[in-house]
Amino acid sequence: MTTTQTNEVSRPPFWRDVRVIRVVGQIAAVIVVFFLLRYFYGNLTANLSRLGISTSFDFLSGPTNFQIPYHEEFNPRSPVWQLIAVGVKNTFLAGLFGILIATVVGLIVGISRLSENWLISKLATFYVELFRNIPPLVIIIFFGFAVFTFGPFPILSQSWELNFLGRDDVFLIVNNDRWGVPGLEQSGQLGAFLAILAVGLITAVFVWRRRTKGFDATGRPHHRVLWSLGTILIFLIAAYFITGQPFDMSWPALSENRRTIEGGFMINWGFMSLTVALGLYTASHVAEIIRGSILAVDGGQSEAANALALSGFQRYRFVVLPQSMRVAVPPTINQYLNLIKNTSLGTAVSYAEVTSLTVTSVGNGRPAFQSFIVLMGVYLVFSLTISLMLNIVNRRLQLVTR
Amino acid sequence: MKRIKLLALISALMLVMAACTSDGDAGESTTTAAEGNGSGDGGGKLAAVREADVLVCGVNDGLPGFGVVDDAGEYNGFDVEFCRVIAAAILGDANKVEYKPLTADVRFTSLQSGDIDVLSRNTTWTATRDGQEGANFLFTTYYDGQGMMVPASTGFTTLEDLDGANICVLTGTTTELNLTAVFNARGITFNPVQFQDNAQLRPAYESGQCEAWTSDASQLGSWKFTLESEGGEDQLIMDEIFSKEPLGPVVADGDTEFAQAVNWALMATVQAWEFGLDSSNIESYSGTDPNILNFLGDAGFTPSIGLDPDFAVNVVTQVGNYEEIYSRFPELAPLEGSVNDLWSNGGLMYVPPYR
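Residues numbered from 1 in each chain as written. Chains lettered and ligands numbered in written order. Predicted model: local features only at pLDDT ≥ 70, side-chain atom pairs only at ≥ 80, totals over all residues.

## Structural notes on the overall build of chain A
Here is step 1: Of the regular secondary structure elements, chain A holds 12 helices and eight strands.
Here is step 2: Taken over C-alpha atoms, the radius of gyration comes to 29 Å for chain A, far larger than the 21 Å a tight globule of 402 residues would show.
Here is step 3: Considering only C-alpha atoms, chain A reaches an extent of 105 × 75 × 50 Å along its principal axes.
Here is step 4: In chain A, which comprises 402 residues, the proportion classed as buried is 29%.
Here is step 5: By sequence separation, contacts in chain A at least 24 residues apart represent 69% of the contacts at least 6 residues apart. (Helix = DSSP H or I, 4+ residues; strand = E, 2+ residues; numbered from the N terminus. Rg over C-alpha atoms; globule rule 2.2 N^0.38 Å. Buried ≥ 20, exposed ≤ 12 C-beta atoms within 10 Å, placed from the backbone. Contact = placed C-beta atoms within 7 Å.)

## A short note on the overall build of chain B
Here is step 1: A tally of regular secondary structure across chain B gives 13 helices and 15 strands.
Here is step 2: When the 355 residues of chain B are sorted by exposure, 46% land in the buried category.

## Comments concerning the sheet that holds strand 2 (residues 62–63) of chain B
Paired through their backbone hydrogen bonds, the strands of a sheet run either parallel or antiparallel.
Residues and elements named next belong to chain B.
Here is step 1: As summarised here, the arrangement of the three strands in space is 2-3-4, forming an open sheet in which the pairing is antiparallel. Each edge of the sheet is formed by a strand with only one pairing partner; in this case those strands are strand 2 and strand 4 (75–76).
Here is step 2: Sheet topology places strand 2 next to strand 3 (residues 67–69); two bridges connect them, and they run antiparallel. Directly across from L63, in strand 3, lies its bridge partner G67. (Pairing = 2+ DSSP bridges.)

## Let's talk about the interface of chain A and chain B
Here is step 1: Contact residues are listed per partner, giving 45 residues for chain A and 48 residues for chain B.
Here is step 2: Looking at the side of chain A that touches chain B, the elements with two or more residues in it are helix 2 (18–50), helix 5 (136–149) and helix 11 (354–363) of chain A.
Here is step 3: Residue contributions to the side of chain A that touches chain B peak at 14 residues, all from helix 2 of chain A.
Here is step 4: In terms of residue class, the side of chain A that touches chain B is built from 21 nonpolar, 19 polar and five charged. (Nonpolar A, V, L, I, M, F, W, Y, C, P; charged D, E, K, R; others polar.)

## Brief notes about the sheet that holds strand 10 (residues 166–170) of chain B
Residues and elements named next belong to chain B.
Here is step 1: Strand order in this open sheet of five strands is 11-10-12-9-13, and the pairing throughout is mixed. Across the chains shown, the open sheet's two edge strands, defined by having one partner strand only, are strand 11 (191–195) and strand 13 (235–237). Ignoring which end each strand starts from, the neighbouring axes of this sheet average 30° apart.
Here is step 2: Direction of pairing for strand 10 relative to strand 12 (residues 212–216): parallel, over a ladder of two bridges. (Axes fitted to C-alpha atoms, helices over the stretch in contact; angles between N-to-C directions.)

## What to know about unusual backbone geometry
All names here are of chain A.
Here is step 1: A positive phi angle, near 75°, is found at N65, a position not held by glycine.
Here is step 2: With respect to the helices, strands and loops of the structure, N65 is situated in the loop between helix 2 and helix 3 (80–113).
Here is step 3: Residue N65 is classed as buried on the basis of its C-beta count, with 21 C-beta atoms lying within 10 Å.
Here is step 4: Phi is positive for Y70, close to 60°, though the residue is something other than glycine.
Here is step 5: Looking at the secondary structure, you find Y70 in the loop between helix 2 and helix 3.

## Considering the nonpolar core
Here is step 1: Within the largest apolar cluster, 64 residues are counted, with the highest numbers of intra-cluster contacts made by B:C83, B:I86 and B:A265.
Here is step 2: The leading source of residues in this core is helix 10 (residues 256–275) of chain B, at 12 residues.
Here is step 3: Counting 44 residues, the second-largest nonpolar core is a separate cluster that includes A:F131, A:F271, A:L274 and A:A287. (Core = buried A, V, L, I, M, F, W, Y, C linked by C-beta atoms within 7 Å.)

## Regarding the confidence of the model for chain A
Here is step 1: Averaged over chain A, the pLDDT score is 87; the fraction of residues at 70 or greater is 97%.
Here is step 2: The weakest mean pLDDT in chain A belongs to helix 1 (residues 2–10) of chain A at 55; the strongest belongs to helix 4 (residues 118–132) of chain A at 95. (pLDDT = per-residue confidence, 0-100.)

## Re the packing of helix 3 of chain A against helix 4 of chain A
All names here are of chain A.
Here is step 1: Taken N-terminus to C-terminus, the directions of helix 3 and helix 4 make an angle of 130°; their axes are 7 Å apart at the nearest point. Accordingly, the angle class assigned to the pair helix 3 and helix 4 is oblique. Remark: the crossing between helix 3 and helix 4 carries left-handed chirality. Here V109, S112 and R113 of helix 3 come into contact with helix 4, specifically with I120, S121, A124, T125, Y127 and V128.
Here is step 2: Looking at side-chain class alone, the contact of helix 3 with helix 4 contains five nonpolar, three polar and one charged residues. (Parallel < 35°, antiparallel > 145°, perpendicular 65-115°, else oblique. Left-handed = near helix turned anticlockwise from the far one by under 90°.)

## Concerning the environment of B:N281
All names here are of chain B.
Here is step 1: With respect to the helices and strands, the residue N281 is situated in the loop between helix 10 and helix 11 (290–295).
Here is step 2: Classification of N281 as exposed rests on a count of 12 C-beta atoms within 10 Å.
Here is step 3: Measuring from C-alpha to C-alpha, the distance between N281 and V80 comes to 23 Å, with 201 residues separating the pair along the chain.

## Some details on the packing of helix 3 of chain A against helix 8 (residues 269–296) of chain A
A pair of packed helices is characterised by two quantities: the angle between their axes and the separation of those axes.
Residues and elements named next belong to chain A.
Here is step 1: Between helix 3 and helix 8, the least distance of the axes is 6 Å, while the angle of their chain directions is 40°. Taken together, the axis directions place helix 3 and helix 8 in an arrangement best described as oblique. Relative to helix 8, the crossing made by helix 3 is right-handed.
Here is step 2: Tallied by class, residues from the contact of helix 3 with helix 8 come to 17 nonpolar, seven polar and three charged.

## A short note on the confidence of the model for chain B
Residue and element names in this part refer to chain B.
Here is step 1: Per-residue confidence for chain B gives a mean pLDDT of 86, with 88% of residues at or over 70.
Here is step 2: Long-range and interchain partners of residues 16–42, a stretch whose pLDDT sits below 50, account for 22 contacts in this model, where long-range means more than four residues apart.
Here is step 3: For this predicted complex, the interface score ipTM comes out at 0.75, alongside a pTM of 0.74.

Pasting the structure below:
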C-alpha cells in the first residue's frame, strides 16, 4: 500500500511527464504536417480550378497524337499510358545497359588504379579524374553530337555495311543515326523452348547445391560453376532441337530507299550516346568505390593469406574481395540509382525515355501536374525496386554472426 | 506494446481529422482560393503589373527574327517588340519589360503559375491550348503555316519524297502534332527526331542526320536566312504549307480586364498603320479626323479599356506601328502582299474600330 502511494507521489504532473510529452509531440507533428499538405493541396486545386484546368487523370486514356522518335511501329492514336509504357521500357533499357557498362568498366579501372604498373595506374587515374569532373549532361551531349552527329560516321543513306567473312548477310550497319546488328526472330514454338530452358535452370541450381554439399562433406574440388553451366548448355541445345529451332538469326539490312533498317536489331544514336556516356561517367565513381573498398581490407589479411601459401588469385578470390564487397555494395547501390535518375537527361539526344516523352506530352496539352505525378511515381518504383534487390544482395554479403 | 498504442492513437486521430476536414471542405477551399489569387483581390493582373512597374514577358531566345538574344545581350525580335508594345501601353515605358526565356514545352506551365504576365513566343492558337491549358489567346500578330525545309541539293520537292526519312522537329509544339497528323493521313512513314530547342536541332540538320526540318514557315525562313548567310548550303522551303498557325501573345485565363487591355495595346499597332501614323509623324499630327484624334487620346476620349487615353501615342512613338515593327526584321517574309498585310491591301490584319 505504501509503495504504490510513493509511486503516485513521485510521478510528475502530466505536462512535465516525459512519456506524455513524447506522445503529444509526435501527434502535434503529424497534425502540422497533415494540415500543411492539405493547405498546399487545397491551394493547388483552387489555383487550377481558377484557371479552369482539370485535375483528373482521364488524360491517360486519351490519344497521344504524336510520333515517338525511332519507334515507327508506335501508333500515334494509342492512349497516353502506352506512351508512358514505351518510355518506361526505354528508361529501363538505358538503365540496365548503363549499369552493365558502369560495373565492368568501373571494376577494371578501379583495380587498375591499384596496379603496380606505373602506366596502367596513371591511365586509370586520368580516366577517373576526367569523367568524375565533367557533368553527365555535357558527356551525353559530347557523345551525341561530337561522336555521332558530327563524328566519323557517315549519314544513314551512306551507311557502312560490314560483312561477316565473306557472307552475303550484313553483319553490322554503321552510321551517325542508327546502327543495325543481328537479332533473333521467332520462327517456332518459343513458349515450349523457354519452358524447357526454365526446367534446365532449376536443374542447374540443384546440381550446384549437390556439388557444394559434396565439397562440404569430402573436401574434393566442387567445380560447381562448370557443372551448372554445363547443365544449362545441355538443356539449351536439347530444347533448341526438340522444339524444332524456335528462332532464326535475323540479319540487318538497309531498306530500298536507304532510310530505315529492316530486320535485325536497331540501336539508335540517342540510346548509344546516353548509355555509353552515363556508363562511363558512373564507372569513374564505381572505380573509386572499388579501389577504396580494396584498400579498406586490413593488410594483415593479405599477409595471413600469404602465410597460408595461397596464390595471388586465391588471395583475392577468397580473402580480399569477399571482405571488400561488404564495403563496396552500399555506395555502389547509390551510384546505380543515380545512373537510373540520370537517364532523364536522354531528352538532349532525342532518346525516348520516360521523362522526355512526358515533357513532350505536357508540351502538347496534357496536364502538367498529373503527368509529373505519374512520372515521379515511375522513378520511385524504379529506384525502390533496385534498392530492394541490392539490399537483399547486401544482406547476404554481410558478416554472419553465429 | 507502447509503440503499438501510440500508432493506434495517431491513426485514430488522423481519422477524426479527416472526417472533420471533409465536412468543412467547401469552406476551406474557398479561403485558399482567395489566398491563391494573391494580388487577385480588387485590381487583378493589370493593377499588379502597374504596382510592380514592370511587365514580365515570356519570350523565345533562340529564334532569329522572332526572339533572340543579340550580340549586345539584348532581347530582340518581332515577338519581343510586342512585349514592348504592351509595356508602353500599360506602364508608359516600353523598356519596363523583364524577359523570361522559355522553351516550347514549359511556356504554358509558366503562364499558368503566374511566373510571367504575358507569353509572346511564337505560340499557335489552338482549341486545346485555349481550353485545357488555361490560356487566353489575344490578337493574332502573325499568320503563319507549317512548312518543310530541305537542303536544296537533295532535290526533294514534295512531302512524299520524304517517305521513311528522319525529320527534325521541336518537342511540345503544334508542329509536332501536325507533322504526325499530315503524314499519317497521307500514309507517309517518317521518324521524328525531337529536340527541345534549336541549338540541338540545328547541328542534327546540318550534319545530314535529319533529311528535313519542319516548323512554321516563318521560322524556317529565318533559319534559311541564317544558315545561308553564315555560309551554309542553299536551303529549299517546300511550296506546300500544311497547317494554319495563327501566332500571337497569350495571357492566363480568368482575368478579362488584363486581357482586354493587352489586346487593345496590340491592336493599336495595326490601327496606327491603317491611319497612316508611325513613330515619326504621330506626335505632330495636326489633322482633324475625329477618329484619329480619339485614337491619340485628345479631347479626353476614353473607352475604359484599362489604359490611359494616350496609350497609343506611347506605343507608336516608343515602338512603332505594325509595319515599322515588321520591317525591322529582315528574317521575316516580305510583308507586302502577304497574309500579314493590312486588310485594305488584301491581307488579314483587320482590327475593330477604336471608337
